[in-house]
Each structure stands twice: as structure tokens, then as C-alpha cells.
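For reference, the chains in residue letters:
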Amino acid sequence: MKRYLLLFAALYMVTAGHAQKKNFSYKFYGQVRGDLFYNSRANAEIVDGLFHLYPKDKNLDADGNDLNATANGSFYLLYSRLGVDVTGPNIGKAVTTAKLEADFRGSGSNWAVLRIRHAYVNLDWGKSAVLVGQTWHPLFGDVSPQMLNLSTGAPFQPFNRSPQIRYRYTSGKGLQLTGAVLWQLQYLSAGPNGKSEEYIKNSCIPEIYVSADYKVDGLIAGVGMEVLSLKPRQQTTVDDRVYKVNERVTSLSFEAHAKYMTQDWVIAGKTLLASNLTQACMLGGYAVTSVDPHTGEQEYTP
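Read on for an overview of the structure.

What counts and what doesn't
Residues numbered from 1 in each chain as written. Predicted model: local features only at pLDDT ≥ 70, side-chain atom pairs only at ≥ 80, totals over all residues. Heavy atoms only, no water. Helix = DSSP H or I, 4+ residues; strand = E, 2+ residues; numbered from the N terminus. Contact = heavy atoms within 4.5 Å. Areas by Shrake-Rupley, 256 points an atom, 1.4 Å probe, with all protein chains shown as cover. Phe/Tyr/Trp six-rings, centres within 6.5 Å; stacked < 30°, edge-to-face > 60°. Buried < 20%, exposed > 50% of the residue type's maximum accessible area, 1.4 Å probe, protein only. Polar contact = N/O pair within 3.5 Å; in protein donor to acceptor, adjacent residues only side chain to side chain. Pairing = 2+ DSSP bridges.

**Quick look at the overall build of the protein**
So, point 1. Within the protein, the secondary structure is distributed over two helices and 20 strands.
So, point 2. Look at the contacts in the protein between residues 6 or more apart in sequence, and 55% of them connect residues 24 or more apart.
So, point 3. Surface exposure of the protein reaches about 18400 Å², of which carbon and sulfur atoms provide 59%.

Have a look at this one:
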């Protein structure tokens, strides 16, 4: 099996070859964070309530009592984190920086386990910059709700850090153009086998994102578009017979945002629209696949 790791190998060799040069610096940072919370009713949530999404609707029992009208609360330190920012040395005319940051959120239902948040290298030529590694998904962007809760406006605000290769061009007049290809690692699409990386892995097509922003004097305004194409399965069983299938679920997401900030106040707005295009081709049987237009998660109905 061939592994196409030439880009990462080249970056490693170039960085290692210049490691002894001057203009190399690093800075550690971090936080010890404790989240004490209390909810007056049951909520849609992850990390056992630490990452709150929204209150659950009424769910009446046989006597008409609301099963979701139950209080809960706890105290966690899972989002304590430690990171390091590295600057230099230059590679040609490019200023190099790198970031490595981790917390103890773990993955899935495995909490209190070390987890990578950010891990990337950035090459900056002034107007152009290339980032390789894991950081915030471009749909998260520069405009997001300011709140104490860790959800930062999810599920309405996209909340995702993804492995990516990103190119960014910034002009001297406030225009910023971004193009990126992304993969999935910690934040996964859902399908016939639950949440899994295999859907984008079998697709062989990374997620694609493009955007344009205007930034000047405290004003940020821009638009972006994202394309995600997945293969939810590769075979199906009909009447105890197994068939190979070739299916693809493709979703399109569009977002627009604006924010104006001064020393005394901030006003911001953001909107997101998602739609899906489903393509299916199979040898025998019948399949239905869909994508949630709000969360972008893919679902399958056999």
C-alpha cells in the first residue's frame, strides 16, 4: 500500500536541517480550568454535560410528569491545557511558526485522557501563508459567540478542529482569501457504522473550503463555502446476499459573517446554510442516504 507522505516528510527534513539556526524561540502557555455547572433540566450534551448544546423538550411519563425535568450538575477539570508556540528559523523568505496544544478531554466517551487540540506548522511569506496540520475548521472562523460555556454557540456555530492543508492570501487592502482541504479525526460524520472516519477515508476526496474576507479598522465581513463528499458504505446485504455498492453523499454548506469591534463594544452576526446532493449506484438492493442540513452529519436508512 502506498503512503503519500512526501509533503510532511519534506517539511520535517527542512525543519530538522535548520533546527540549529538562530532566530529560534518558543513560549509555553496553558491554563488550569475547572468547570462547575448546574442544569435545571436534562439537556442534549456531550462529555456528561460539560459541553452543553440545548435543553431537551418535554417527555411525559404515564402520569404526565416530565421525565426531562430533572436537575443535574458536576465539576470537571478536563479542559485544563498546555501548549507551546514556536517561532523560526526562516525557510528561505518564509517565516516559520508552529503550535502544539493538548488538553485532557480524551476522545468519544474516554475522558481524562490527553488529546491534541492544535498541532500545525505555518509558513508565512507576508501576503501568502500555508498551514499544514490540525487547527480550527475554517467554518469556525473569526466570528463566534462570546460566552463562558465551552460550546461557543454549538450546534448552530460550527465547532470543529480538523487536519488540513490551508492556503491564505492577504492583500494590503484588507482582502483575505482562504482555500483549504480537510480531513476528519476527532469530529466525525455519522453513518451506518455510527460515527467513523471511514466514510471520508473511503471517499478519497477531502473536504474542500473556500472563503473571502474583508478586514479593516475593527470590521470583519466575509462569506465561505464548504463541500463534503462521503461514501457511507461499500457493500449491502439483500435477502442474505451481499452486493458491492458505490454510493456517495455530498453536502454543500454556505456561511456569511460580519463583526464590528471597538474598545467598548462588539456587534456580530453569522448565518449558515447547508444542503445535500445524494448520489447512489449499487448492484442490486435499495439504499437511502441523507445528510442533516443543520449539523452536516450523514445518516443512513437501510
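**A short note on the packing of aromatic side chains**
So, point 1. On inspection of all chains with the given rule, the structure shows ten aromatic pairs.
So, point 2. When the ring of Phe 37 is compared with that of Tyr 76, the centres are 6.1 Å apart and the planes differ by 15 degrees; the resulting orientation is stacked. In this pair, Phe 37 is assigned in strand E2 (residues 35–39) and Tyr 76 in strand E5 (residues 72–76), connecting sequence segments 39 residues apart. This pair shows no difference in class: Phe 37 is buried, exactly as Tyr 76 is.
So, point 3. The rings of Phe 51, Trp 136, Phe 140, Phe 159 and Tyr 187 are connected pair by pair, giving a single aromatic cluster.

**So, the environment of Asp 66**
So, point 1. Tracing the backbone through its elements, the reader meets Asp 66 in the loop between strand E4 (51–55) and E5.
So, point 2. With relative accessibility at 19%, the residue Asp 66 sits in the buried group.
So, point 3. Taking the C-alpha atoms as reference points, Asp 66 and Arg 41, separated by 25 residues in sequence, lie 9.8 Å from one another.
So, point 4. With sequence-adjacent residues up to four places away left out, Asp 66 is seen in contact with Arg 41, Asp 57, Lys 58, Asn 59 and Leu 60.
So, point 5. Engagement of the side chain of Asp 66 in a polar contact is seen with the side chain of Arg 41, the distance being 3.0 Å.

**Looking at unusual backbone geometry**
So, point 1. Residues Gly 88 and Pro 89 are joined by a peptide bond in cis, for which omega reads 0 degrees.
So, point 2. When you line up the elements, Pro 89 lands in the loop between strand E6 (81–87) and strand E7 (95–103).
So, point 3. At Ala 112, a residue that is not glycine, the phi angle is positive and equals roughly 60 degrees.
So, point 4. Following the sequence through the fold, Ala 112 ends up in the loop between E7 and strand E8 (115–124).
So, point 5. One non-glycine residue with positive phi stands out, namely Asp 239, at about 55 degrees.
So, point 6. One can find Asp 239 in the loop between strand E16 (235–238) and strand E17 (241–261).
So, point 7. Since its relative accessible area comes to 68%, Asp 239 is described here as exposed.

**Digging into the pairing of strand E11 (residues 175–182)**
So, point 1. Of the two faces of E11, the one holding Gln 176, Thr 178, Ala 180 and Leu 182 is buried and the one holding Leu 175, Leu 177, Gly 179 and Val 181 is not buried anywhere.
So, point 2. Taken together, the seven bridges between strand E10 (residues 161–170) and E11 define a ladder with antiparallel strand orientation. In the strand pairing of E11, Ile 165 is matched with Val 181.
So, point 3. The hairpin formed by E10 and E11 contains four residues between the paired strands, and Gly 174 there has a positive phi angle of roughly 95 degrees.
So, point 4. Looking at chain direction, E11 and strand E14 (residues 207–216) are connected through eight bridges and run antiparallel. Opposite Leu 175, over in E14, you have Tyr 214 as the bridge partner.

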